[in-house]
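Residue-level listing of the chains:
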Amino acid sequence: QGLFLRLFYPCLPRAGATKALWVPRPEYCGALADVALCRRWCSALLGIAAGSCKVPVSWNGPFKPRDRGYPLIIFSHGLGAFRTLYSSICTELASWGFVVAALEHRDHSAATTYFLTGEAGTEQWIPFQRVPQGQKEFYFRNKQVHQRARECVRALRLLQGIAAGRAEPNLLHQGWDLSVLKDNLDLTKVAVMGHSFGGVTAVLALVKEPSLRCAVALDAWMFPLENVLYPEVAKPVLFINTEKFQTPESVAKMRRLSSRNSQTKIVTVLGTVHEDQTDFAFLPGKLFGLLFGVRGSLDPHKALAITSQATLAFLQRHLELQEEFGRWEGLLEGVGNAVVPDVPFCRSHL
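Note that the structure is predicted; figures quoted are calculated from it, not measured.

S.K.: Help me understand empty space enclosed by the protein, please; the structure alone is not making it clear to me.
M.R.: Any space left empty among the atoms is revealed by the rolling of a water-sized probe across them. According to the stated counting rule, one finds two cavities of 30 Å³ or more in the structure shown. In this structure, the largest cavity encloses a volume near 60 Å³. What lines the largest cavity is simply Ser88, Ile89, Leu218, Asp276, Gln277, Thr278, Phe282, Ala303, Leu304 and Thr307. Looking at the lining of the largest cavity, the elements that each hand over two or more residues are α3 (87-95) and α8 (300-319). With three residues, α8 is the largest single contributor of residues to the lining of the largest cavity. Considered class by class, the residues forming the lining of the largest cavity number five nonpolar, four polar and one charged.

S.K.: Looking at this structure, I do not really get the state of the cysteines. What am I missing?
M.R.: Covalent bonding between the sulfur atoms of two cysteines defines a disulfide. Enumeration according to the criterion identifies zero disulfides in this entry. No disulfide involves Cys90; its nearest neighbouring cysteine sulfur is the one of Cys152, lying 12 Å away. Not engaged in a disulfide, the cysteine Cys214 finds its nearest cysteine sulfur in Cys152; these two sulfurs lie 14 Å apart.

S.K.: I would appreciate a short explanation of the UniProt feature "active site" (unreviewed entry) in the chain in the present structure.
M.R.: Listed under "active site" (unreviewed entry) in the UniProt record, and renumbered for this structure, are Ser196, Asp219 and His274. What stands out for the annotated residues spanning 79 residues is how close their C-alpha atoms remain, the widest pair being 8.2 Å apart. Inspection of the secondary structure assignment puts Ser196 in the loop between β8 (185-195) and α5 (197-208). The buried category is assigned to Ser196, whose relative accessible area is 8%. Apart from the residues within four sequence positions on either side, Ser196 is in contact with Gly78, Leu218, Asp219, Ala220, Trp221, Phe245 and His274. The residue Asp219 is located in the loop between β9 (214-218) and β10 (237-242) in this model. A residue is classified by how much of its surface remains accessible, and Asp219, at 0% relative accessible area, is buried. Once you skip the residues sitting within four places of it in the chain, Asp219 turns out to touch His195, Ser196, Ile240, Asn241, Thr242, Phe245, Gln246, His274 and Gln277.

S.K.: Would you explain the side chain of Thr307 in this entry?
M.R.: Tracing the backbone through its elements, the reader meets Thr307 in helix α8. Classification of Thr307 as buried rests on a relative accessible area of 7%. Once residues lying within four places of it in the same chain are set aside, the contact partners of Thr307 are Ile89, Leu218, Ile240 and Gln277.

S.K.: Explain the packing of α3 against α8 to me, please; I cannot follow it from the model alone.
M.R.: In a packed pair of helices, the relevant descriptors are the angle between the two axes and the axis-to-axis distance. The geometry of α3 relative to α8 is characterised by a closest axis approach of 10 Å and an angle of 45° between their N-to-C directions. By the angle between their axes, α3 is oblique relative to α8. As α3 runs across α8, the sense of the crossing is right-handed. Only Leu304, Thr307, Ser308, Thr311 and Leu312 of α8 make contact with α3, whose side of the interface consists of Ser88, Ile89, Glu92 and Leu93.

S.K.: How should the packing of aromatic side chains be read in this particular structure?
M.R.: Describing an aromatic ring pair means giving the distance of the ring centres and the angle of the ring planes. Following the criterion strictly, the structure yields 17 aromatic pairs and no others. Considering the side-chain rings of Trp96 and Trp328, the 5.5 Å spacing of their centres and the 85° angle between planes classify their relative orientation as edge-to-face. Of this pair, Trp96 sits in the loop between α3 and β5 (99-103) while Trp328 sits in the loop between α8 and β12 (339-341), and the two are 232 residues apart along the sequence. A connected cluster of aromatic rings, assembled from ring pairs, spans Phe4, Tyr28, Phe82, Tyr114 and Trp125. Sitting over the face of the ring of Tyr114, Arg25 holds its NZ or CZ atom 4.9 Å from the ring centroid. Over the ring of Phe197 we find Arg148, and its NZ or CZ is 4.3 Å from the ring centre.

S.K.: Looking at this structure, I do not really get the sheet that holds strand β4 (residues 70-76). What am I missing?
M.R.: Sheet strands pair via backbone hydrogen bonds, and the direction of the pair is either parallel or antiparallel. Within the open sheet, the eight strands sit side by side as β1-β5-β4-β8-β9-β10-β11-β12. Their pairing is mixed. Strands at the two margins of the open sheet, each flanked by one partner only, are β1 (5-8) and β12. Here the average twist between neighbouring strands, direction ignored, is 20°. Packing of α8 onto the sheet brings it into contact with β4, β8, β9, β10, β11 (265-269) and β12, and relative to β9 it is tilted by some 165°.

S.K.: Got a minute to help me understand α5 in this structure?
M.R.: For an α-helix, 3.6 residues make a turn, and residues three or four places apart therefore share a direction. A rise of 1.5 Å per residue sets the reference length of α5, with its twelve residues, at 16 Å; its end C-alpha atoms lie 17 Å apart and thus fit the reference within 8%. Among the twelve residues in α5, ten count as buried, and that is most of the element. Regarding α5, the residues found buried are Phe197, Gly198, Gly199, Val200, Thr201, Ala202, Val203, Leu204, Ala205 and Leu206.

S.K.: Quick question: what am I supposed to make of the environment of Arg130 here?
M.R.: Relative to the helices and strands, Arg130 is located in the loop between β7 (122-127) and α4 (137-163). From its side chain, Arg130 meets the backbone oxygen of Asp34 in a polar contact 3.2 Å long.

S.K.: Please clarify how the nonpolar core should be interpreted in this entry.
M.R.: Looking at soluble globular proteins, one finds that nonpolar side chains tend to be buried together. The biggest cluster of nonpolar side chains holds 56 residues, and the ones touching the most others in it are Phe75, Phe98 and Leu315. A total of nine residues in this core trace back to one element, the largest contributor, which is α8. Excluding its chain neighbours within four sequence positions, the residues that come into contact with Leu315 are Ile73, Phe98, Ala191, Cys214, Val216, Glu320 and Leu321. If you look at the next biggest cluster of nonpolar residues, it comprises 46 residues, including Tyr70, Ile162, Val192 and Val200.

Criteria and thresholds
- Residues numbered from 1 in each chain as written.
- Predicted model: local features only at pLDDT ≥ 70, side-chain atom pairs only at ≥ 80, totals over all residues.
- Heavy atoms only, no water.
- 1 Å grid on protein atoms, 1.4 Å probe; cavity = no way out; pocket = protein on both sides within 12 Å on 5 of 7 lines; lining within 4 Å.
- Points joined across faces, edges and corners; volume = space filled by probe spheres on them.
- Helix = DSSP H or I, 4+ residues; strand = E, 2+ residues; numbered from the N terminus.
- Nonpolar A, V, L, I, M, F, W, Y, C, P; charged D, E, K, R; others polar.
- Disulfide = S-S within 2.5 Å.
- UniProt positions renumbered as here; feature names shortened; annotations may be inferred.
- Buried < 20%, exposed > 50% of the residue type's maximum accessible area, 1.4 Å probe, protein only.
- Contact = heavy atoms within 4.5 Å.
- Axes fitted to C-alpha atoms, helices over the stretch in contact; angles between N-to-C directions.
- Parallel < 35°, antiparallel > 145°, perpendicular 65-115°, else oblique.
- Left-handed = near helix turned anticlockwise from the far one by under 90°.
- Phe/Tyr/Trp six-rings, centres within 6.5 Å; stacked < 30°, edge-to-face > 60°.
- Lys NZ or Arg CZ within 6 Å of the ring centre and 35° of its normal.
- Pairing = 2+ DSSP bridges.
- Expected span 1.5 Å × (residues − 1).
- Polar contact = N/O pair within 3.5 Å; in protein donor to acceptor, adjacent residues only side chain to side chain.
- Core = buried A, V, L, I, M, F, W, Y, C linked by side-chain atoms within 4.5 Å.

Okay, structure coming up:
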């Protein structure tokens, strides 16, 4: 019945600010090793390598108020991920004046997650679940994507209530007052965004919630969405793909949407792999590259810049923002270094 999310927001500078842990609990290391590597014994190694990593932002920093309120982005993670693995893109967008609610889904698609029961706050963990033997993957994943999209809508409802002044209990007791969001969100300007399984979740959320004005889908895994729903996706979608993940079947579904709406755009960032749109690309040392194969040939900072700038230009257009993000509109047509329109099925030189 609850929701689990990490909130990224513009904050005021604070001397001696504590930085946020990237992996919030050691249980996530074990789950990530099991899901990504099928080797739970790697959890200790992963814990040593990543357990102390910090996100370069202020933890529970003082909220920076703004007269006209910040636009909102609901962010959905990929299969086997969790709420903190997209801190690079979420932090980048928050730094440009957005509030980003990064969800952790409870549909058994997160590496692991948990919820709290009752006033005592007893933890109950929800493990990652692979497709049960004998069950077709489409039906299993389709049920999950609908739950995920409903969770995106519920996150919007939660934030609408908080922005209107409704008190919402936070069972985590993290020492951050949600009421500071009151009158500081512009809920006429809301988008949904996600990576991989989260990308198709964002597309479906557009169907389920009319107040969502557009979606940004990073390397969307289009497989779980049923064909009958494609005509109902009336809002614009920006598909930002990496060079080495997409299939002709998935791209055909993206083109089906772009053929119906001239404002739906498809671009590809050359020299990138699927994990380049996650935080793994920024982890130091060769260990993570060897374990996860997480880096393409393009510098990850350049890839992040292209992704964030294209996203900002798209959001300015469809959320009607009074900013200067229009200077990156060429990226929406695939114009720029290391970016091309649509999806090339031959490898680039990068």
